[in-house]
Amino acid sequence: MTSPISTRMHGDVLIVTSNNPPVNALGHAVREGLVKAIGQADADAAVKAVVIICEGQTFFAGADITEFGKPMQLPMLPSVVDIIENCTKPVVAAIHGTAFGGGLEVALASHYRVAVPSAKLGVPEVKLGLLPGAGGTQRLPRVAGVPKALEMAATGNPIGAKEAFQIGLVDRLIEGELLPHAVAYAEEVREVRPLPKSSARDEKLEEARANPGLFDMFRKANARKFKGFDAPEYNIRAIEAAVAKPYVEGVLDERRLFMELMTGTQARAQQYFFFAERKAAKIENVPEGTQPRAIRRVGVIGAGTMGGGISMNFLSAGIPVTIVEMAQEALDRGTGVMRKNYEASAAKGRITADQVEGAMGLLKPSLSLEDLADCDLIIEAVFENMDVKKEIFTKLDKIAGPGAILASNTSYLNIDEIAAVTSRPQDVVGLHFFSPANVMKLLEVVRGAKTAPDVLVTAMKIAKKIRKVAVVAGVCHGFIGNRMLMPRQVEAMKLLLEGATPQQIDKVHVEFGMPMGPFQMSDLAGVDIGWHRDPTRIENIRDALAAEGRWGQKKGAGFYDYDEKRTPSPSPRVAEIIEEFRQKTGTPQHAIDDQEIIERTLYTMVNEGAKILEEGMAQRASDIDVVWVYGYGWPVYRGGPMFWADTEGLAKIVAGLEKNGFEVSKLLRDKAEKGEKLSKD
């Protein structure tokens, strides 16, 4: 097999080129080729300097993910980078695209780094539950400084080449063609001795030693962001070792910490999720070679919170949008909120003022459905009422051009029933965006019984264009996410009647790693959502709260009382209402512990997820996990509900469900009895 690494001489500079598409991952053949190339440079007196460069779209963008979970082949990356650093000739890393993870570790081991201004440099291993394990936590603080190394390693966020140049991580920015400039730079430094080795540098560590409180300040500043995760703390400890110990001892600490993470559940969960996200894009039962339809203009019906947020996704991607409302006031209010959201992003420096105007310039507000005639995709985002939606789709059927895709943003309703009022059910699909739609990454693509394969392919492709993670769901009440949410909410309400408090139940969920518990979520979304609006009809606790105007945070009162800063506190009035319903229903009370809350609110979700799989409403277990991580804030370090169930033990889940009198999914029971896993497809 031809090596992905090739060498050639340019004068007295050895050019070492990697050609390992698509991202020049540091697989076994690349590592082996790099070692041979450095050996060649060391052995040949004619070589005075070395340039390491990559063909294609990027420098080494990290490890080869196809090697994950397999026995590693020698040479390992830590040895490779040491060999590069110990080369007797100066080595220049020429960076374009991304130098991520192991790629940045190769660059750090090189004696010099040059980069094009558009390049990005980073160590994203923390996002896979790991740390840079090839000397990255030891060399990066020595070159970039401890504060920046902490930020890059513990958050996994990259920096641009211009910033890297300012902090000394890049030695020269290259305007123009990278290779000739990199060779010219190598010629400039070929006689410089001693060779600047990153592992031997100390001046930036001295700055950190003079400020011993630096690490705890960083921990404190990021405590909320890092809560529940192991990897950020391990990255911090590894960089602490770089400051406190000589390099040779620091790398031993790095290796030990790396192995602890690598063998832990969190790294497995985060790596599982990395692959789950990529798998979600694959659609089953679609003919090979199915081509997507062209989407040149999008129509959105409804300029409320959802309609406006949905429109922003397309505008930000450069796709023109026609947005339709029934009344001018609602239209003006909706477009005004969109502009305000864009301007808020510009104020934070996320986009420019020109980008704000560019996006808003693509928006065509209208009061007439007829203006949607030239749209290739029309998304209905109105009130969650079947009759209203059917009326709109009946009208759209007559207005929309042939081949236009008609989508509903319904979060629960039957897509097939909506499609049936049109003469083109093959063009109808569900596109369930999550609120706020311009922020949340998840999109449930609901496949109707008659949805055409090219409609499905188009929906998945456009989702990627607007930077959403799309998951295919079947037609059932609530699809994947909301269907699994229902048993959790039902059981949480029952637990209140049986003796638990809202704060006790929410605390269990927050300690588990969820951003909020069921009652905090209800207060944030609005207790009145889906309420029948009749204050005289009080059939449950939620009806009683809604009838008293306790609609959640927006009213300063819901399941909790809120102050002007929206800080929640337990509500004596809610305790009274709960007690009234306990008396009224004669519900027996008992002491409820955290385990019972987990069994009745989380095990039931797993059970519902298994039923969804059983019925073919989700393509695979990992898709369910993607929905819950991106749509509901399930902690990624637990992998998602289906992965978590496997780590908890399916037999334990089944026993917990049976103990509480639930009907167990056949799939869940079968897998538990056979000792199989839900998350293994």
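Residues numbered from 1 in each chain as written. Predicted model: local features only at pLDDT ≥ 70, side-chain atom pairs only at ≥ 80, totals over all residues. Heavy atoms only, no water.

1. Details of the overall build of the protein chain
- Each helix and strand in the protein chain was counted, giving 29 helices and 19 strands.
- Taking 681 residues into account, the globule formula puts the C-alpha radius of gyration at 26 Å, and the protein chain, at 28 Å, falls close to it.
- Considered along the principal axes of its C-alpha atoms, the protein chain spans approximately 90 × 60 × 55 Å.
- Relative to its 681 residues, the protein chain shows a buried fraction of 54%.
- Computed over 82 positive and 87 negative side-chain charges, the inter-centroid distance for the protein chain is 2 Å. (Helix = DSSP H or I, 4+ residues; strand = E, 2+ residues; numbered from the N terminus. Rg over C-alpha atoms; globule rule 2.2 N^0.38 Å. Buried < 20%, exposed > 50% of the residue type's maximum accessible area, 1.4 Å probe, protein only. Lys, Arg positive; Asp, Glu negative; His and termini not counted. Charge placed at Lys NZ, Arg CZ, Asp CG, Glu CD.)

2. Describing unusual backbone geometry
- Look at the link from leucine 74 to proline 75: it is a cis peptide, with omega at 0 degrees.
- Put simply, arginine 193 and proline 194 share a cis peptide bond, and its omega is -5 degrees.
- As for its placement among the helices and strands, proline 194 is situated in the loop between α7 (178-189) and α8 (203-209).

3. A short note on helix α1 (residues 28-43)
- The first and last C-alpha atoms of α1 sit 23 Å apart over 16 residues, in line with the 22 Å expected at 1.5 Å per residue.
- In the core, the buried residues of α1 are packed alongside β1 (5-10), β2 (13-18), β3 (49-54), α2 (77-85) and β4 (91-95). (Expected span 1.5 Å × (residues − 1). Contact = heavy atoms within 4.5 Å.)

4. Considering the pattern of salt bridges
- Considering all chains together, one arrives at 51 salt bridges under this definition.
- Note that aspartate 454 is salt-bridged to arginine 293, the shortest N-O span being 2.9 Å. Of the two residues, aspartate 454 sits in helix α19 (residues 453-465) while arginine 293 sits in the loop between α13 (265-279) and β10 (298-301), which places them 161 residues apart along the sequence.
- Residue arginine 600 is joined to glutamate 491 by a salt bridge in which the shortest nitrogen-to-oxygen separation is 3.0 Å. Note that arginine 600 is positioned in helix α25 (residues 594-614) and glutamate 491 in helix α20 (residues 481-498), a separation of 109 residues in sequence.
- For glutamate 491, a relative accessible area of 4% puts it in the buried group.
- Each of Asp216, Arg219, Glu233, Arg237 and Glu240 takes part in salt bridges that share partners, so that together they form one network. (Salt bridge = Lys/Arg side-chain N within 4 Å of Asp/Glu carboxyl O.)

5. With respect to the nonpolar core
- Judged by nonpolar contacts, the single largest core of 87 residues is most densely connected at Ile480, Ile541, Ile624, Trp628, Trp634, Trp644 and Leu668.
- If one sorts the elements of this core by residue count, α25 sits on top with 9 residues.
- Dropping the residues within four chain positions of it, tryptophan 628 is found in contact with Ile480, Gly481, Met484, Leu485, Met514, Met605, Gly633, Trp634 and Pro641.
- Core analysis: the second largest hydrophobic core is formed by 74 residues, Ala49, Val116, Met152 and Ala153 among them. (Core = buried A, V, L, I, M, F, W, Y, C linked by side-chain atoms within 4.5 Å.)

6. Points about the sheet that holds strand β17 (residues 469-473)
- The strand order across the open sheet formed by 8 strands is β12-β11-β10-β13-β14-β15-β16-β17, and the pairing between neighbours is mixed. Every other strand in the sheet has two partners, leaving β12 (363-366) and β17 as the edge strands with one partner each. Mean inter-strand twist for the sheet, computed between neighbouring axes without regard to direction, equals 25 degrees.
- Judged from the 3 bridges that link them, strand β14 (residues 405-408) and strand β15 (residues 428-433) form a sheet pairing that is parallel. Within the sheet, the bridge partner assigned to alanine 407 lies in β15 and is valine 429. (Pairing = 2+ DSSP bridges. Axes fitted to C-alpha atoms, helices over the stretch in contact; angles between N-to-C directions.)

7. Quick word on the sheet that holds β2
- Sheet architecture is open: 6 strands sit in the order β1-β2-β3-β4-β6-β9, paired in mixed fashion. Each edge of the open sheet is held by one strand with a lone partner, namely β1 and β9 (172-173).
- Bridging between strand β6 (residues 112-115) and β9 involves 2 bridges; their strand directions are parallel. In the strand pairing of β9, valine 114 is matched with arginine 172.

8. Topic: the packing of aromatic side chains
- What the rule picks out here adds up to 17 aromatic pairs.
- Their ring planes at 75 degrees and their centres at 4.8 Å tell us that phenylalanine 229 and tyrosine 637 sit as a pair that is edge-to-face. Of this pair, phenylalanine 229 sits in the loop between α10 (223-226) and α11 (231-244) while tyrosine 637 is found in the loop between α26 (621-632) and α27 (641-648), placing the two residues 408 residues apart along the sequence.
- Residue classification places phenylalanine 229 among the partly exposed positions, given a relative accessible area of 27%.
- Residue classification places tyrosine 637 among the buried residues on the basis of a relative accessible area of 9%.
- Taken together, a centroid distance of 5.4 Å and an interplanar angle of 90 degrees make the contact between phenylalanine 274 and phenylalanine 275 edge-to-face.
- Taken together, the ring pairs in this structure connect Phe434, Phe512, Tyr603, Trp628, Tyr632, Trp634 and Trp644 into an aromatic cluster.
- It is arginine 278 that lies over the ring of phenylalanine 274; its NZ or CZ is 3.7 Å from the centre.
- It is arginine 533 that lies over the ring of tryptophan 551; its NZ or CZ is 5.3 Å from the centre. (Phe/Tyr/Trp six-rings, centres within 6.5 Å; stacked < 30°, edge-to-face > 60°. Lys NZ or Arg CZ within 6 Å of the ring centre and 35° of its normal.)

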